[in-house]
Structures are given as C-alpha cells and as structure tokens.
Amino acid sequence: MSDVNTRLEHIFQQVVRRNQGELEFHQAVKEVIETLGPVLEKHPEYAEHKIIERICEPERQIIFRVPWQDDKGEVQINRGFRVGFNSALGPYKGGLRFHPSVSLGTIKFLGFEQTFKNALSGMPIGGAKGGADFDPKGKSDGEVMRFCQSFMTELYRHIGEFTDVPAGDIGVGGREIGYLFGQYKRITNRYESGVLTGKNPSWGGALVRREATGYGAVFFAEEMLKARGESIEGKTCVVSGSGNVAIYAIEKLHQLGAKVVACSDSNGVIYDRNGIDLELMKQIKEVKRQRVSEYVKSHPHAQYIEKGNVWDVPCQLAFPCATQNELDEASAKVLVANGLIALSEGANMPVTPGGIKVLQTAGVSYAPGKAANAGGVATSALEMQQNASRDAWSFEYTEERLHKIMCNIHRDCFETAKEYGQPGNYVVGANIAGFRRVAEAMVAFGII
Ligand code: NDP
C-alpha cells in the first residue's frame, strides 16, 4: 500500500473508532475517502493541514429533547438533532428529516454528504443536517404543529440566516416548514425569511424549490445521456418513492418525453404500463396524504404489489428517490440484466457500495446523489438570494437557473473524473471536485 493509501486507511479507522455503531456515517466517509488518494498525491498541503481528518469531524453536534402532547393529552418525547458539519464555504445548510429511523449516525452521514454536495453546487453554503426520530405519518395537523413548535423552541438559538439555514427532507415538507418558521418568528420577534428555505412562495419561498430536487436529478441524467450520445425521450423509467423528490422527478421525465412505469412507498409498488398518472399520484400523496395502494382503486389496469421490489420492473433509466441503501447488489444485477443504461440518485446514498460496483462494471452511467440531487439545495440558495434582496423570481427564470446549475455540476464532475484518469466515473469526479473546493477554503482559514 502506498503512503497515501496507508494514511487514508488510518483516517478511516479513526473515524470508525470514534463514531462507533454509526454504520451509515462510516459508509459515506469510506466512499469519499477511497477516491481522495490522487488528490493528496497532488496536494501534499492538504495532508499537512490534516484537511481530511478535520472534514470528517463535524464542527458541532446538538442533541436535544423534544417533548410535546398528542391529541389525547399524553406526553410524548422525541430526540432532536442538528449537526453543523462544515462551514468553510458559507453558513451551515441542509435539511431536517423527521422519520422514526433517525439517529445521530443518520444525521452525520447526511451532513457529511451535504458538505460536498453544497460545494459542488457552486453556492456559498456550508454543510449540515438535522431532524428527529418523530414520525409525522398518521399524526393530525395539530400534533405535527405542536411537535414542530417544541422542536423549534430549542433549535432557534442555534440557527440564523448567517449561521445555519435548515430546510426540508424526508417527513418535512411545506406544512412542517410553515409551523417551524411560525415558531421561529414568534420566539425571536424577527421576520427573518432567510432562516429557513422550502417556504411557501406566498410568504418568502422560491418558486421551483418544491420541484428542484426531482427536476435536478432528471437534468443531471439528461447530461449523462448526452455524454453517451443518447437522450431521455422515449425511455422507460422507474422512480422509487412517491414523496417530494419522486413526484417531481416523474413530472420532469414526463415533460421530456419519457415514460415512468413504476413508483413506490414503504408498503409497496405501483406498476402502470401506460405510465404513472401523475395528477392522481399528487392527489393521493400531496393532498390526501394516503398510501400509493389507493392508485389502483381508480386505475384498475395498474398493479399494486404489496412489499414488492420496485427495481424488479424493467427500465432503461432508474431514479432512486426514497431513502439510503434502498438498492442493493442483487437489485443492481436485475436492473443491468433488464437493460439499464443510466441511474441518477434523487435520494441520498440510495445505492449500496456493492450495487454501485455492479452498475459501474456494467457500464451504466451512475450519478451519485451528492451531484445528482444538488438541485434542491442549490435552489434553496436561490431562495436565500431572493430573501436577501426582497425579490421574487418567476418560475421560468428560476428553472433556467436550476438547469444551468445542474449542467455546471455535471460538467465539473465529468471534467474532474477525466483529469484524474477515470473518465465517466462520476463518483470520483463529484468527490474530488467537491472536496477540493472545501479544502482550499479550509487551508486559507488556518487551523480553526
Ligand atoms: P418525502 O418524505 O417527501 O418522501 C420520501 C419517500 O420515500 C416516500 O415515498 C417514503 O415512503 C419513501 N421512504 C422513506 N423512507 C423509506 C424507507 N425507510 N423505506 C422505504 N421507503 C421509504 O422525502 P423526500 O422526497 O424529500 O426525500 C427523499 C430522498 O431524497 C431522501 O433520501 C432525501 O434525503 C433526499 N433528498 C431530498 C431533498 C429535498 O429537497 N426534499 C434534497 C436532496 C435529497 P413512505 O411514505 O412509505 O415512508
């Protein structure tokens, strides 16, 4: 093993030892560290300043109790988190996740990924993530409101437009952002629009923010396909999940002439050979907050597969848009056997390391989430710009900005992979391009 590789292995072992049991965090760190050897060879100053060691240690981690009362008057207690991972490029920025599976390790993996993603977006934002082990599913609006108010009653002292700017993620959409912003405004006596993004456009939100992550993942796929002489038009696609990212990935795919034949939730899969009826899906998920199984009630020609695997459905383009590690090696093999040509991650770390290997070996164009789903946070940064200038841009103008940003991220990843001798490897391109930007700023700031 070369000196550099020995050093990287040592750093990884330290991360495992100091963050015991946080398997998703270890996975995310390993995937980045494995690709950084050639950068350290080229830039010995990064090793001298211990940039990688510092990047793997969050700048701050806040854990707090969130007590609230349910509709029966019973007291409930959840655990809240906010991890400010790295603020070399700007105020901490990253979403809040409300899901029963949330632990410190989940938030750290997401915050670590976010640092590189935000750097790749080209926007002046650092990396962070937060959330709680609260499950909004099945809760009344009143319960969600009381939870959000209690959560913000602690969080407010740690955030601010120049310090840390949260947004949504799994389980945190427009409704939750509204309750969180309302409580922040009430406690602080300030209408500080720039403290949260993902707001409703009628009170300071940006048009296209809701659509941005899904649209962005499709724009990235479009660029990858162009690079191999293909296009989205006419392709058969599968999108996992049916939340915010999934719905708007489906919308953009349909607009570009592709057909999405399947999507899912954690209970099952909808397969519609005619193409998913998106208006119906929006009604079910966004308005009624129901399960995808409702779809077949009005579309009996479609199939609902309880506990099915969405990756068994044959497709040429795949968009995992649900959650981490949802697509393993076995599913990747099925996709390849069924003729997959490209995969763009709307979710964070949805493909396991074994799955990535299968895709890359088979010559599938594979876009890691930190590049492909950066459109969401990039548009959040556009929302911050609009808030700072008290302006509101049109849908068309904002979408055009998003499109340009995604093309730039693609070009950056593509060129960097080529520069480091691994053309077409978007994992290498994204990790190195994002890392270099953060590392340069950290060197400039000295030992802090
Ligand atoms: P939503 O809560 O809107 O939707 C999540 C979807 O994924 C739902 O269909 C949900 O099904 C499914 N899902 C969630 N957890 C699991 C699980 N453990 N097993 C199976 N299915 C699951 O979240 P988003 O659409 O906002 O986020 C989806 C992914 O995209 C996440 O990885 C997130 O980190 C990432 N992302 C989101 C961004 C954004 O702007 N919102 C930005 C960048 C990345 P069910 O309803 O059954 O739970």
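Residues numbered from 1 in each chain as written. Predicted model: local features only at pLDDT ≥ 70, side-chain atom pairs only at ≥ 80, totals over all residues. Heavy atoms only, no water.

Description of the side chain of Asp70
You can see Asp70 is positioned in the loop between strand E1 (60-69) and strand E2 (75-86). Lys72 provides the closest opposite charge to the buried, unpaired Asp70, separated from it by 5.0 Å. A polar contact is formed between the side chain of Asp70 and the side chain of Gln76, at a distance of 2.9 Å. With near-sequence residues (within four places) excluded, Asp70 lies in contact with Gln76, Glu143 and Arg146. (Helix = DSSP H or I, 4+ residues; strand = E, 2+ residues; numbered from the N terminus. Buried < 20%, exposed > 50% of the residue type's maximum accessible area, 1.4 Å probe, protein only. Lys, Arg positive; Asp, Glu negative; His and termini not counted. Salt bridge = Lys/Arg side-chain N within 4 Å of Asp/Glu carboxyl O. Polar contact = N/O pair within 3.5 Å; in protein donor to acceptor, adjacent residues only side chain to side chain. Contact = heavy atoms within 4.5 Å.)

Digging into the sheet that holds E2
The strand order across the open sheet formed by five strands is E1-E2-E4-E3-E5, and the pairing between neighbours is mixed. Looking at which strands have only one partner, the edges of the open sheet turn out to be E1 and strand E5 (164-167). Going across the sheet, the axis of each strand differs from the next one's by a mean of 20 degrees, ignoring polarity. Note: E2 against strand E4 (residues 127-132), six bridges, orientation antiparallel. Bridge assignment links Gly84 to a residue of E4, and that residue is Ala128. (Pairing = 2+ DSSP bridges. Axes fitted to C-alpha atoms, helices over the stretch in contact; angles between N-to-C directions.)

A word on the packing of aromatic side chains
This structure, assessed with the given rule, holds 20 aromatic pairs. Here the aromatic rings of Phe98 and Phe134 are separated by 6.0 Å at their centres, their planes lie at 90 degrees, and the arrangement is edge-to-face. Of the two residues, Phe98 is situated in strand E3 (residues 92-98) and Phe134 in the loop between E4 and helix H7 (141-155); the sequence distance between them amounts to 36 residues. For Phe98, a relative accessible area of 1% corresponds to the buried category. On the basis of relative accessible area, Phe134 is assigned to the buried category, the value being 1%. Note on Phe98 and Phe151: the rings are 5.3 Å apart at their centroids and 75 degrees apart in plane angle, and the pair reads as edge-to-face. Here Phe98, found in strand E3, pairs with Phe151, found in helix H7; they are 53 residues apart in sequence, far enough to count as distant. You'll find Phe98 and Phe151 in the same group, each marked buried. (Phe/Tyr/Trp six-rings, centres within 6.5 Å; stacked < 30°, edge-to-face > 60°.)

A few points about unusual backbone geometry
The residue Asn189 is not glycine, and still its phi comes out positive at about 65 degrees. Along the chain, the position of Asn189 falls in the loop between helix H8 (174-188) and helix H9 (209-227). The exposure class assigned to Asn189 is exposed, which follows from its relative accessible area of 71%. Not every positive phi belongs to a glycine, and Arg390 is a case in point at roughly 50 degrees. In this fold, Arg390 is placed in the loop between helix H16 (374-388) and helix H17 (395-419).

Some words on the site of the ligand
Lining the immediate surroundings of the ligand are 24 residues, of which Lys137, Asp169, Thr213, Ser266 and Arg291 lie closest. The contact in question runs from an oxygen atom of the ligand to an N or O atom on the side chain of Arg97, over 2.9 Å. Taking Ser242, its main chain carries an N or O atom lying 2.9 Å from an oxygen atom of the ligand. Calculation on the ligand without its partners gives an accessible area of 880 Å², and the protein chains cover 83% of this total. Those elements that place two or more of their residues in the shell around the ligand are H9 and helix H10 (244-255). The residue makeup of the shell around the ligand, split by class, is five nonpolar, 13 polar and six charged. Counting contributing residues, the shell around the ligand receives three or more from each of domain 2 (60-191) and domain 3 (210-372). (Near = heavy atom within 4 Å. Areas by Shrake-Rupley, 256 points an atom, 1.4 Å probe, with all protein chains shown as cover. Nonpolar A, V, L, I, M, F, W, Y, C, P; charged D, E, K, R; others polar. Domains from an automatic or database assignment.)

Focus: the pairing of E4
Taken across its six residues, E4 has six buried, putting it largely inside the fold. Going residue by residue along E4, you find Gly127, Lys129 and Gly131 tucked away on one face and Ala128, Gly130 and Ala132 tucked away on the opposite face as well. In this fold, the crossover linking E3 to E4 by way of helix H6 (residues 104-120) has right-handed handedness. (Right-handed = clockwise from strand over helix to strand, strands pointing away.)

Digging into the environment of Glu223
Mapping Glu223 onto the fold places it in helix H9. Overall, Glu223 belongs to the buried group, its relative accessible area being 12%. Separated by 183 residues in the primary sequence, Glu223 and Met406 have C-alpha atoms spaced 8.6 Å apart. Setting aside residues up to four positions removed in sequence, Glu223 forms contacts with Cys407 and His410. Polar contacts involving the side chain of Glu223 include one to the side chain of Lys226, which spans 3.0 Å.

Focus on H7
Between its first and last C-alpha atoms H7 spans 21 Å; for 15 residues at 1.5 Å apiece the expected length is 21 Å, and the two agree. Within H7, the full set of buried residues consists of Glu143, Val144, Phe147, Cys148, Ser150, Phe151, Met152 and Leu155. Buried residues along H7 sit against E1, E2, E3, E4, E5 and H8. (Expected span 1.5 Å × (residues − 1).)

Some remarks on the domain arrangement of the chain
Partitioning the chain into structural domains gives domain 1 (2-55), domain 2 (60-191) and domain 3 (210-372). Between domain 1 and domain 2, the residue contacts involve nine residues of the former and ten residues of the latter. Between domain 1 and domain 2, a total of about 910 Å² is buried, with carbon and sulfur atoms accounting for 68% of that surface. Looking only at domain 1, the three residues that lose the most surface to domain 2 are Glu24, Phe25 and Ile55, adding up to 55% of its buried area. Between the two partners, domain 1 and domain 2, sit one salt bridge. Run the count over domain 1 and domain 2 and you get three residue pairs in polar contact (both at pLDDT 80 or more). (Buried area = accessible area lost by both parts, 1.4 Å probe.)

Brief notes about the packing of helix H2 (residues 23-33) against H6
Packed helix pairs are characterised by how far apart their axes lie and by the angle those axes make with each other. The N-to-C vectors of H2 and H6 enclose an angle of 25 degrees; their axes lie 7 Å apart at closest approach. As judged from the angle between their axes, H2 and H6 are roughly parallel. Contacts from Glu24, Phe25, Ala28, Val29, Glu31 and Val32 in H2 reach Gly105, Thr106, Lys108, Phe109, Phe112, Glu113 and Phe116 in H6. (Parallel < 35°, antiparallel > 145°, perpendicular 65-115°, else oblique.)

Looking at the packing of H7 against H8
Closest axis-to-axis distance for the H7/H8 pair is 8 Å, and the angle between their directions is 45 degrees. Accordingly, the angle class assigned to the pair H7 and H8 is oblique. Handedness of the H7/H8 crossing: right-handed. Across the interface between the two elements, Asp141, Val144, Met145, Cys148, Gln149, Phe151, Met152 and Thr153 of H7 pack against Arg175, Glu176, Tyr179, Leu180, Gln183, Tyr184 and Ile187 of H8. Grouping the amino acids of the contact of H7 with H8 by side-chain chemistry returns nine nonpolar, three polar and three charged. (Left-handed = near helix turned anticlockwise from the far one by under 90°.)

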